[in-house]
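Below, each chain spelled out in residue letters.
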Amino acid sequence: MAGVNILKYLGWLGHDRQCDRGRQAAPICPQRLLPQPAQTRDGGMRPRSVDAILDDNRDILGRIKLAYGGDANAFAKEMLPLIRKYIAYVNVLPATQDSFFARPGGLARLGLETAFFALQATDSQIFAGRATISTRRQLEPRWRFGTFAAGLCAYLYRALDTVVVSDAHGTVWQPYLTSLGEWIHKHEVGRLFVKWGEARQECRSLSLFALPMILPTDTLAYLTQDGSTIVAHMFAAISGEVRYQDHNVIDHLVNRASTLVIHRDLRDADAPACRARARAYLARFLLNAMRELVQSHQGWVPNADRSRMWLGRDGLFLVWPNGISDVLSLLQDEGLYGLPASPVDAMEILSDAGIILPMSSDESVWSIRPPSAPEPLEALKLVTPGCVLAVLHPSPVALDKDIAVYCTHDEVRATENDTKPHKAKAASSQVQGECVAPETPPDVSDRQLSLPTIPPIPAVAGSAGIEPRTDGRQGKAKKVKHTEPIQSAIGNYSLRAPIRLNPGVAKILQAIVQTLNDTTLPPACYPMASGLFVPLDVFAARQADGKMALRALADANMLVTGPAGTEPVEYHNLHGKQLVGMVIARQFIKGLDGAGETSINSNAG
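Residues numbered from 1 in each chain as written. Predicted model: local features only at pLDDT ≥ 70, side-chain atom pairs only at ≥ 80, totals over all residues. Heavy atoms only, no water.

On a plain count of helices and strands, the chain comes out with 21 helices and 17 strands. Counting every position in the chain, which comprises 605 residues, the buried fraction comes to 45%. Carbon and sulfur atoms provide 53% of the accessible area of the chain, an area that totals close to 31,500 Å². (Helix = DSSP H or I, 4+ residues; strand = E, 2+ residues; numbered from the N terminus. Buried < 20%, exposed > 50% of the residue type's maximum accessible area, 1.4 Å probe, protein only. Areas by Shrake-Rupley, 256 points an atom, 1.4 Å probe, with all protein chains shown as cover.)

Here helix 15 (residues 322–333) is 12 residues long and its end C-alpha atoms lie 17 Å apart, about the 16 Å a rise of 1.5 Å per residue gives. Regarding helix 15, the residues found buried are Gly323, Ile324, Asp326, Val327, Leu328, Leu330 and Leu331. Among the structural elements, helix 14 (283–296), strand 4 (315–319), helix 16 (343–352) and strand 7 (377–382) are those in contact with the buried residues of helix 15. Directly beyond the C-terminal end of helix 15, a positive phi value near 80° is found at glycine 335. (Expected span 1.5 Å × (residues − 1). Contact = heavy atoms within 4.5 Å.)

Turning our attention to the pattern of salt bridges. Per the stated rule, a full pass over the model turns up 11 salt bridges. For aspartate 265, the salt bridge goes to arginine 103, with nearest N and O atoms at 2.8 Å. With a gap of 162 residues between them, aspartate 265 in helix 12 (residues 249–268) and arginine 103 in the loop between helix 4 (72–90) and helix 5 (106–121) connect regions that are remote in the sequence. Among the residues examined, aspartate 265 registers a relative accessible area of 0% and is labelled buried. Arginine 144 serves as the salt-bridge partner of aspartate 123, at 3.4 Å between the closest nitrogen and oxygen. With a gap of 21 residues between them, aspartate 123 in the loop between helix 5 and helix 6 (133–152) and arginine 144 in helix 6 connect regions that are remote in the sequence. For arginine 144, a relative accessible area of 11% translates into the label buried. (Salt bridge = Lys/Arg side-chain N within 4 Å of Asp/Glu carboxyl O.)

Turning our eyes to something else, we now look at the packing of aromatic side chains. In the structure shown here, the tally under the stated rule is nine aromatic pairs. For the ring pair tyrosine 89 and tryptophan 173, a centre distance of 5.6 Å and an interplane angle of 65° mean the geometry is edge-to-face. Of this pair, tyrosine 89 sits in helix 4 while tryptophan 173 sits in the loop between strand 1 (163–166) and helix 8 (180–187), and the two are 84 residues apart along the sequence. Summarising the burial analysis for this pair, tyrosine 89 and tryptophan 173 share the class buried. Their ring planes at 85° and their centres at 6.2 Å tell us that phenylalanine 145 and tyrosine 222 sit as a pair that is edge-to-face. With a gap of 77 residues between them, phenylalanine 145 in helix 6 and tyrosine 222 in helix 10 (residues 217–223) connect regions that are remote in the sequence. A relative accessible area of 3% places phenylalanine 145 in the buried class. Chaining the aromatic ring pairs together yields one cluster made of Phe100, Tyr155, Tyr157 and Tyr281. (Phe/Tyr/Trp six-rings, centres within 6.5 Å; stacked < 30°, edge-to-face > 60°.)

Within the largest apolar cluster, 114 residues are counted, with the highest numbers of intra-cluster contacts made by Ile64, Leu156, Met290 and Val388. Other than its neighbours up to four places away in sequence, isoleucine 64 contacts Phe75, Met79, Leu112, Phe116, Leu119 and Phe148. If you look at the next biggest cluster of nonpolar residues, it comprises 35 residues, including Val505, Val534, Ala585 and Leu592. (Core = buried A, V, L, I, M, F, W, Y, C linked by side-chain atoms within 4.5 Å.)

With that settled, the discussion passes to helix 11 (residues 230–239). Here helix 11 lies mainly inside the structure; eight of its 10 residues are buried. Every buried residue of helix 11 is accounted for by Ile230, Val231, His233, Met234, Ala236, Ala237, Ile238 and Ser239. Against helix 6, helix 9 (207–210), helix 10 and helix 12 lie the buried residues of helix 11. Just beyond helix 11, the residue with positive phi is glycine 240, at close to 80°.

This paragraph deals with the packing of helix 5 against helix 6. Where helix 5 contacts helix 6, the axes come no closer than 7 Å and their chain directions differ by 150°. Overall, the two elements helix 5 and helix 6 adopt an arrangement that is roughly antiparallel. Crossing of helix 5 against helix 6: the hand is right-handed. Taking contact as the criterion, the partners of Gly111, Leu112, Thr114, Ala115, Phe116, Ala118 and Leu119 in helix 5 are, on helix 6, Arg144, Thr147, Phe148, Gly151 and Leu152. (Axes fitted to C-alpha atoms, helices over the stretch in contact; angles between N-to-C directions. Parallel < 35°, antiparallel > 145°, perpendicular 65-115°, else oblique. Left-handed = near helix turned anticlockwise from the far one by under 90°.)

It is worth spelling out the environment of isoleucine 589 at this point. Mapped onto the fold, isoleucine 589 is located in strand 16 (residues 589–590). Once the C-alpha coordinates of isoleucine 589 and leucine 532 are considered, the two residues, 57 residues apart in sequence, prove to be 7.6 Å apart. Sequence-distant contacts of isoleucine 589, that is, excluding residues within four places in its chain, are made with Tyr493, Ser494, Leu495, Arg496, Val513, Leu532 and Ile584.

Quick look at a nonpolar patch on the surface now. Residues Tyr176, Leu177 and Phe209 make up a contiguous nonpolar surface patch of roughly 370 Å² in combined accessible area. Locating tyrosine 176 in the fold gives a position in the loop between strand 1 and helix 8. Tyrosine 176 gets classed as partly exposed once you look at its relative accessible area, which sits at 40%. (Patch = residues over 30% accessible without salt bridge, like charges linked within 9 Å, V, L, I, M, F, W, Y side chains within 5 Å.)

With that settled, the discussion passes to the environment of histidine 297. Relative to the helices and strands, histidine 297 resides in the loop between helix 14 and strand 3 (309–312). Residues histidine 297 and aspartate 326, 29 residues apart in the sequence, show an inter-C-alpha distance of 9.8 Å. Within the structure, the side chain of histidine 297 is placed 2.9 Å from the backbone nitrogen of glycine 299, a separation counted as a polar contact. (Polar contact = N/O pair within 3.5 Å; in protein donor to acceptor, adjacent residues only side chain to side chain.)

Taken by themselves, the reported measurements are silent on function.
Structure follows, in structure tokens:
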């Protein structure tokens, strides 16, 4: 019996020594190490198994388990499958080339640390505050799990957008089709070679394409119980498509956690490359703060009296330095870490990210003179109005003049070069008797697509029965309708614009439809049996491009179309002149669906 006890003691002692050796061999927290190059330039990186990467990060995994609050079985059943799938997808990829978490395995570590701090912060949050106590008790575990998943995948887009991974034979990993771990196993890859793309604006929504390979179906089913908004808020936080009105708590917690984690990594890794590009990640937070202020702050209403934002024909300007001070104050209230210490630092971050345009090679601040300003103001020029104002519906209208006091020589030369081809084209078109559409003003839309060619208006002869020239593609002439102008029925006409219609076009079209309600002036559009006829030249009178309006209305399926293959354009003789325009379907015009509607008497020519 004594011999058995001695053997048990020796076995226990040996096991204890093995545990001690394991504890002594535990790696130092990777975030405390100096960042190493993502790969040896000639040797690449060695891929690792999921278990090996989990073992390297067992310190943060232990903290996640404690923050989650469940026992070992619950953690292994609920949390560990998600973590394993995430690590299998990113494997040993670094998060950046030479900034934060730039070492092999950095992207996995970044996701785990962000998820931990976001999960830990949920202890002080109240989710679904308007629900009853019993409902909140049921929803809170799912909200906490959704916050953890959003933090884990917050920087997943970097594996899809910023790197190209290949093996020694040049075979490239396709991140939209399979995880990196599966690709390594399938092709038996021994070394990974990472090629970094050029610096460009990040596209966080790409993460959504990889989520089906990371989020287990059981997890989604668990989060979507009872039709809650947890999944919607989680996806919005991961993709960066968060609306100001939503009050997305998950996004707020993930942002705080990510800035804390990145700030600590950059602070502890004191390398020259990190100091040079340490703050580039803050650009999106500065830009998002501008978008929130322009929606919620009265002093940020574009072109209002004493506004921080001014939109002219020459672009969008932010008053300096008060506008940047408002942005920093908002971010400080949100509790983000590593923020710029001054407006000058914030301006440098925005300039490096290409969000603002400098006035010259050695001067970033512009001088503008708004209509209500007694003297010129200093301002920063945004690269495009849409980067901030795209969140406003309807889109604000630009002033009908330039507000910059002066421009650089390079911009003046570029403007002259851009103007000459248009002038030459207009002169050539006038010689040929064609109609040239006016240039689109900058305030109508910031997102212009290639537009279909509108057939030119034919010359009107002495008789009203002349038909336009033959369309070569169709092999037949387009018919001109002889329309007798009549007084439209008295009523309340308005536009029923679908959500998918371009906001700038919708605003202009609403003003055109409203002319039917004013009996003191001739209308700009004409009711018909099939809908509302809108001449293209009424858009030009409102400083808009008829071609763009035609394309936007066609994309929204609002036009009455003819036979297949023909363009939705009609010709009418009104008030003694020939007009070309489009017919908007009656269901989109309030007032045309009543019993007392008035239609135009038109006969085909």
